[in-house]
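Architecture at a glance
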Amino acid sequence: MTKNELIYLLSLEKDENIKELFNAASAVRNSFTGNGIYLRGLSEISNRCRKNCLYCGIRRDNLKTPRFDTDTKEIIAEAKWCYENGYASFTIQSGERTDENFISRTEELLKEIKKIGNGALGITLSCGEQTEETYKRWFDAGAHRYLLRIESSNPEIYAQLHPNDGLHKWDIRYNCLKLLQKTGYQVGTGVMIGFPGQSVENLADDLLFFAREKIDMIGMGPYVLHPDTPLGKKVLDNKENTAAQKEKRLLMALKMIAVCRLLLKDVNIASTTALQALHPQGQLLGLRAGANILMPVVTDVNHRENYSLYENKKSANNCTPTPEDLQKLAENAACSIKFNQWGDSPAFFKRRKNEADNSPSKFRLFKEK
Ligand code: 5AD
Ligand code: SF4
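Attention in this report is confined to the structure presented alongside it.

The rules behind each value
- Residues numbered from 1 in each chain as written.
- Chains lettered and ligands numbered in written order.
- Predicted model: local features only at pLDDT ≥ 70, side-chain atom pairs only at ≥ 80, totals over all residues.
- Heavy atoms only, no water.
- Near = heavy atom within 4 Å.
- Polar contact = N/O pair within 3.5 Å; in protein donor to acceptor, adjacent residues only side chain to side chain.
- Areas by Shrake-Rupley, 256 points an atom, 1.4 Å probe, with all protein chains shown as cover.
- Nonpolar A, V, L, I, M, F, W, Y, C, P; charged D, E, K, R; others polar.
- Buried < 20%, exposed > 50% of the residue type's maximum accessible area, 1.4 Å probe, protein only.
- Helix = DSSP H or I, 4+ residues; strand = E, 2+ residues; numbered from the N terminus.
- Pairing = 2+ DSSP bridges.
- Right-handed = clockwise from strand over helix to strand, strands pointing away.
- Axes fitted to C-alpha atoms, helices over the stretch in contact; angles between N-to-C directions.
- Parallel < 35°, antiparallel > 145°, perpendicular 65-115°, else oblique.
- Contact = heavy atoms within 4.5 Å.
- Expected span 1.5 Å × (residues − 1).
- Salt bridge = Lys/Arg side-chain N within 4 Å of Asp/Glu carboxyl O.

If you check the shell around ligand 1, you find Tyr 55, Cys 56, Gln 93, Arg 149, Glu 151, Met 192, Pro 222, Tyr 223, Val 224, Leu 309 and Tyr 310 and nothing else. In this structure, Arg 149 approaches ligand 1 through a side-chain N or O atom, which is 2.9 Å from an oxygen atom. A distance of 2.5 Å separates an oxygen atom of ligand 1 from a polar side-chain atom of Glu 151. Considering ligand 1 on its own, with 410 Å² of exposed area, one finds that the protein chains cover 87% of that surface. Each residue belonging to the shell around ligand 1 can be placed in one class, and the counts come to eight nonpolar, one polar and two charged.

Printed below as a string of structure tokens:
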């Protein structure tokens, strides 16, 4: 698809056209990855973060958030729970930390989780920008997927969402995606959708970025305000968080899932928790728009409310859904949960095959300016 075609689809407004778009995306999902929905239990292990992203509730300067580290024993128990409930995959997410203590603790944790069911659990990491050496240590310890959202494929827009303090550089983030691919991970990225100043052209560029960079997994969600952040305050001051605006963000996030499915076809696409923050059935709508991954939060209940990236984050007070709840959710979208299956992205195997066919020099490492 050309950029103009992507813009056309993202701009659809009539209910019947949008419905047709979602149905087409579901049909493409069904023929390229099947109608199976795969589970990744999401454990948020620490909300300490060295970054200060202007939109995020656990940014370093938000002193209202009490900081936590989950005990290793508790994390292992969550991973076992996932294994016993047929989740097949476990995702570890944290704020960005680069201290050796965190790096080695995570490494040991990965080795312990790998012992559960003799390597039966797939492990995804979402722990921010790290060095190539750290990515390799964690890969060797058992992680095989990594999520790092680019947030916006446009460096100028990225700069508007982040402080200019030398710690939030688009080039470095992009380079991390390349390092993750080079290390051997299945790599996921994504963007936030609907923050002020973002245009439909920007979103079309984001989709083309995913295609160009041969991304295996996509996690995208609507921007959701957090009142104790600089961006959240600005949006409130400008009265840009009306019910109509939230609905628009939700709809655009769903259209992005659908158009992404039509464009990339065989990637894994998550129906994210941010969708649920804007609509009680947000995750169901994500599946109906072509997503094939659910990431139920399995974080320690004592820490959930302190991992509040944005307001109205449902995991804070809700219990973890049972396997039966999840199956019902999937069936409502004419899908079915694939318990006990990793559900790796077919796009990843295609990329690896292409890489094997070409020389290693194809890895383009972005030079820092
Ligand atoms: N609204 C929506 N998504 C957010 N994230 C952080 N803050 C917000 C927010 N206010 C997302 C970012 C990050 C992921 C872990 O959470 O995209 O990459
Ligand atoms: Fe930290 Fe991620 Fe939040 Fe940025 S978005 S402040 S890196 S947790």
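With that out of the way, let us pick up the pairing of strand 2 (residues 41-46). Burial analysis of strand 2 places six of its six residues in the buried class, the great majority of the element. Two strands pair when backbone bridges link them, and strand 2 and strand 3 (residues 89-94) are joined in this way by five bridges, in the parallel orientation. Following the sheet pairing, Glu 44 is matched in strand 3 by Gln 93. Read from strand 2 through helix 3 (residues 72-84) to strand 3, the crossover connection turns out right-handed.

Looking now at the packing of helix 4 (residues 100-115) against helix 5 (residues 132-140). Running from N to C, helix 4 and helix 5 cross one another at 20°; their axes reach a closest spacing of 8 Å. When the axes of helix 4 and helix 5 are compared, the pair comes out roughly parallel. Residues Glu 100, Phe 102, Ile 103, Ser 104, Thr 106, Glu 107 and Leu 110 of helix 4 form the contact with helix 5, whose participating residues are Thr 134, Arg 137 and Trp 138. Partitioned by chemical class, the residues of the contact of helix 4 with helix 5 number four nonpolar, three polar and three charged.

Following the sequence through the fold, Ser 271 ends up in strand 9 (residues 268-271). Overall, Ser 271 belongs to the buried group, its relative accessible area being 1%. Reaching out from Ser 271, the side chain makes a polar contact with the backbone oxygen of Gln 283 at a distance of 2.7 Å. Aside from chain neighbours lying at most four places away, what touches Ser 271 is Gly 282, Gln 283, Gly 286, Leu 287, Ala 291, Ile 293 and Leu 294.

This brings us to the environment of Glu 213. Locating Glu 213 in the fold gives a position in the loop between helix 8 (200-212) and strand 8 (217-222). Distance from Glu 213 to Leu 177, taken between C-alpha atoms, is 8.9 Å for residues 36 residues apart in sequence.

Right, let's get into unusual backbone geometry. Positive phi values are uncommon outside glycine, yet Lys 265 reaches one of about 60°. Mapping Lys 265 onto the fold places it in the loop between helix 10 (243-264) and strand 9. With relative accessibility at 31%, the residue Lys 265 sits in the partly exposed group.

With 13 residues, helix 3 extends 18 Å between its outermost C-alpha atoms, agreeing within 8% with the 18 Å of an ideal straight helix rising 1.5 Å per residue. In the core, the buried residues of helix 3 are packed alongside strand 2, strand 3 and helix 4.

On to the pattern of salt bridges. Charged atoms that come close allow side chains of opposite charge to pair. Scanning all chains against the criterion turns up 25 salt bridges. Glu 107 serves as the salt-bridge partner of Arg 137, at 2.9 Å between the closest nitrogen and oxygen. Of the two residues, Arg 137 is situated in helix 5 and Glu 107 in helix 4; the sequence distance between them amounts to 30 residues. Residues Arg 137 and Glu 107 agree in their burial class; the two are buried. For the salt bridge of Arg 351 with Asp 216, the shortest nitrogen-to-oxygen distance reads 2.5 Å. Taken together, the positions of Arg 351 in helix 14 (residues 346-357) and Asp 216 in the loop between helix 8 and strand 8 put the pair 135 residues apart, joining distant regions of the chain. For the pair Arg 351 and Asp 216, one class covers both residues: buried. Linked by salt bridges that have partners in common, Arg 50, Lys 51, Glu 96, Glu 129, Glu 151 and Arg 173 make up one network.

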